Protein chains: 2
Amino acid sequence: MTNRVTIVEVGPRDGLQNEAARISAADKVAFVERLAAAGLPVIEVTSFVRPDRVPQLADAREVFAALASSGDGEAGAASAGAGGEAGASRRGADTRYTALVPNLTGLREALAAGVREVAIFAAASEGFSQRNTNRSIAESLTAFVDVCREAQAAGVRVRGYLSTAFGCPFDGAVDPRRVGEIARRLRDLGVYEVAISDTIGIAHPGQVRPVVEATLSAGLDISEVALHFHDTRGQALANVMAALPLGVRTFDASAGGLGGCPFAPGATGNLATEDLVYLLDGLGYETGVSLPGVIDASAFIEPLVGHPLPSRVYRASR
Amino acid sequence: MTNRVTIVEVGPRDGLQNEAARISAADKVAFVERLAAAGLPVIEVTSFVRPDRVPQLADAREVFAALASSGDGEAGAASAGAGGEAGASRRGADTRYTALVPNLTGLREALAAGVREVAIFAAASEGFSQRNTNRSIAESLTAFVDVCREAQAAGVRVRGYLSTAFGCPFDGAVDPRRVGEIARRLRDLGVYEVAISDTIGIAHPGQVRPVVEATLSAGLDISEVALHFHDTRGQALANVMAALPLGVRTFDASAGGLGGCPFAPGATGNLATEDLVYLLDGLGYETGVSLPGVIDASAFIEPLVGHPLPSRVYRASR
């Protein structure tokens, strides 16, 4: 097994979309550029969704245009052909900037903005699929067929998220076999990687092996499996500890643990990038990410979101 | 390896001594009784130190007297002879109540108060030993010879803490062989267990194996090794994950993560009992501890310490 780990920085998208304070496009660009300078190899910058659904990300086009012209990453074009080799030692200019797209309209807007890598999403539970997208799982997968086809025709890579893979706020427990099945269907749509996601931060390490193994049994290669944890119950790093021996080498995280404030009920951030880097550095994994660089990015965004960021490593550094 | 894990609850001592708000003896007793009702098998209740050194714990005698008369645990007498079998299924009446003693004076006060189990401490680094106790490591170990002899003569069990085992704020890195050596010297004084302690919350999982193995190389049995983490950098549960496969089955924790507030610089709590129980429940270990019971104890103490407790599981429950 390789000792390289790829950290997918989702703070600008998954983090900021859960923050109440509105951040300007210019500040988002400055935040993303700091994250790129910290060596993060992949940054999910924004989401091309209907502005009324996620007002925080209504400036997706503007943000991408500014990033493309700044030369940092050229909207992912620099490494769009790099395949699965999400380089751990690359910096700034090699960072891949990605965007979430909920449908064909979103994909076309993303393509027009110069995005070279997109992410789609499905849920592992019907209850969440219905409430989040007003569609069944099968309907949402069908709707993504054209999205994936058009993305691939444009030479744009597609990542897949699989939400509520460790439990659903509406349906409760989720069968790992169901997770494997839908992960396989996403893979068959052409996604290069499935981010198995603990949307509500309920996963514990006892679930990690059965869920990851279910995706392998369904036919995915371990290199196609990423894990996406929220730290609602403080288990995110323990889950990473359970996943590393299985060979998982891609984890999502957000700078400072953006998206959550421990004292705001219901607001639960992603696994904090700083806490993950501290762990991986300690275990001798290579990420190419500079811890002080991430802390610098968090220190930039913290006053703009208007509350202390929950990352423990970040707080210990202040 | 057994799937029983013993959680040593240190909130009333290590937690409260780091809280600014003064808690009354009656409230401490009520807190400890809630922890016992939650099924915690061992609770470090207080410290018999000079009142001017730790004003928060100046009421140690009063607290112990109240606990002894309440019938919960009878100051540890109920199970003082249970040996290493710190029962995971025992409740209330079987909880062992312990106290820290810094010297012979403290031990005698503890004995007079009816304490049936005490803890002593040494540091793994000279810098911390000097600043914390004004003695070298060798001097502090020598001073504990009489403490251990007198405790044993009274039929009182002794636990040992080994501070700064993963790093020292004054001396920096600490050689695991040094940790093994001092752990062995504590064991040779007659302690039944050494709590290898990350006093400043700097440990990462990459350190856990070398440190634990150093104690085994020095002659300790794995059943004599406990681990004591602070969650300053969010690594505490990840460290537990690294320790479980090595056979470590005793971990210190504090309800709610007492002793730390994420937004108070420098204040860093212990690993939160709730977060540890959530992890161990998920992994299928038996602790005998009721998660709702611990949450109840935290909900009792939170308004008294006057700030939100940092435990993620506790916060997610509110």
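Residues numbered from 1 in each chain as written. Chains lettered and ligands numbered in written order. Predicted model: local features only at pLDDT ≥ 70, side-chain atom pairs only at ≥ 80, totals over all residues. Heavy atoms only, no water.

J.: Describe in detail the interface of chain B and chain A, supporting the description with residues and values.
T.: Listed by partner, the interface residues are 28 residues for chain B and 28 residues for chain A. Across the interface of chain B and chain A, roughly 2,600 Å² is buried in total on both sides, 66% from carbon and sulfur atoms. With a shortest N-O distance of 3.1 Å, Asp231 of chain A and Arg312 of chain B are connected by a salt bridge. Linking chain B with chain A are eight residue pairs in polar contact (both at pLDDT 80 or more). The set of elements that each furnish at least two residues to the side of chain B that touches chain A consists of α8 (205-217), α9 (236-243), α10 (273-283) and α12 (312-317) of chain B. When residues of the side of chain B that touches chain A are assigned to their parent elements, the largest contribution, five residues, is made by α10 of chain B. In terms of residue class, the side of chain B that touches chain A is made up of 17 nonpolar, six polar and five charged. (Contact = heavy atoms within 4.5 Å. Buried area = accessible area lost by both parts, 1.4 Å probe. Salt bridge = Lys/Arg side-chain N within 4 Å of Asp/Glu carboxyl O. Polar contact = N/O pair within 3.5 Å; in protein donor to acceptor, adjacent residues only side chain to side chain. Helix = DSSP H or I, 4+ residues; strand = E, 2+ residues; numbered from the N terminus. Nonpolar A, V, L, I, M, F, W, Y, C, P; charged D, E, K, R; others polar.)

J.: Before we move on, could you go through the relation of the copies chain B and chain A and cite the residues and values that matter?
T.: Its rotation angle being 180°, the transformation that places chain B on chain A also includes 0.0 Å of axial translation and leaves an RMSD of 0.0 Å. As the rotation angle and translation indicate, the two copies are arranged about a two-fold axis. Within chain B, Ala238 of chain B has its C-alpha nearest the rotation axis, a separation of 2.3 Å. Both copies share a contact surface, since 100% of the interface residues of chain B are interface residues in chain A too. (Least-squares fit on C-alpha atoms with pLDDT ≥ 70 in both.)

J.: Before we move on, can you summarise the packing of aromatic side chains with the specific residues and values?
T.: What describes a pair of aromatic rings is the distance from one ring centre to the other and the angle between the planes of the rings. Residues and elements named next belong to chain A. A full pass over the atoms with the stated rule returns eight aromatic pairs over all chains. Ring centres 5.9 Å apart and planes at 65° place the aromatic pair Phe121 and Phe144 in the edge-to-face group. Of this pair, Phe121 sits in strand β4 (residues 117-123) while Phe144 sits in helix α6 (residues 137-153), placing them 23 residues apart in sequence. Its relative accessible area of 16% is what places Phe121 among the buried residues. (Phe/Tyr/Trp six-rings, centres within 6.5 Å; stacked < 30°, edge-to-face > 60°. Buried < 20%, exposed > 50% of the residue type's maximum accessible area, 1.4 Å probe, protein only.)

J.: Tell me about the pairing of strand β7 (residues 225-229) of chain B, and name the residues and values.
T.: All names here are of chain B. Among the five residues in β7, five count as buried, and that is most of the element. In β7, alternate side chains face the same way, and those of Val225, Leu227 and Phe229 on one face and Ala226 and His228 on the other are all buried. As paired strands, strand β6 (residues 194-198) and β7 are joined by five bridges and run parallel to one another. Its bridge partner lying in β7, Ala195 is registered against Ala226. On the question of chirality, the crossover connecting β6 to the parallel β7 by way of α8 is right-handed. (Pairing = 2+ DSSP bridges. Right-handed = clockwise from strand over helix to strand, strands pointing away.)

J.: Describe the sheet that holds strand β3 (residues 96-100) of chain A, with residues and values.
T.: Residue and element names in this part refer to chain A. A barrel is described by the order of its strands in space; here eight strands give the closed sequence β1-β2-β3-β4-β5-β6-β7-β8, paired in parallel fashion. Pairs of neighbouring strands in the sheet enclose a mean axial angle of 30°, with direction left out of account. Each of β2 (42-47) and β3 is contacted by helix α3 (residues 60-70), which is oriented at about 145° to β2, the strand it contacts most. On the sheet, α6 packs against β4 and β5 (157-163) and is oriented at approximately 170° with respect to β4. (Axes fitted to C-alpha atoms, helices over the stretch in contact; angles between N-to-C directions.)

J.: I'd like to hear about the confidence of the model for chain A, residue by residue, with values.
T.: Residue and element names in this part refer to chain A. On average, chain A scores 91 in pLDDT, and the residues at 70 or more come to 90%. Here residues 72-91 is modelled with pLDDT under 50, and outside its nearest four sequence neighbours on either side it reaches 53 contacts, counting other chains as well. The ipTM, which scores confidence in the relative placement of chains, is 0.90 for this predicted complex, and the corresponding pTM is 0.92. (pLDDT = per-residue confidence, 0-100.)

J.: Go over the side chain of Thr164 of chain B, please, and point to the residues and values.
T.: All names here are of chain B. Turning to its location among the elements, Thr164 is positioned in the loop between β5 (157-163) and α7 (176-189). In this structure Thr164 comes out as buried when scored by relative accessible area, which is 0%. Leaving out residues up to four positions away in the same chain, Thr164 has contacts with Ala123, Ala124, Ser125, Phe128, Pro169, Val174, Ser197 and Thr199.

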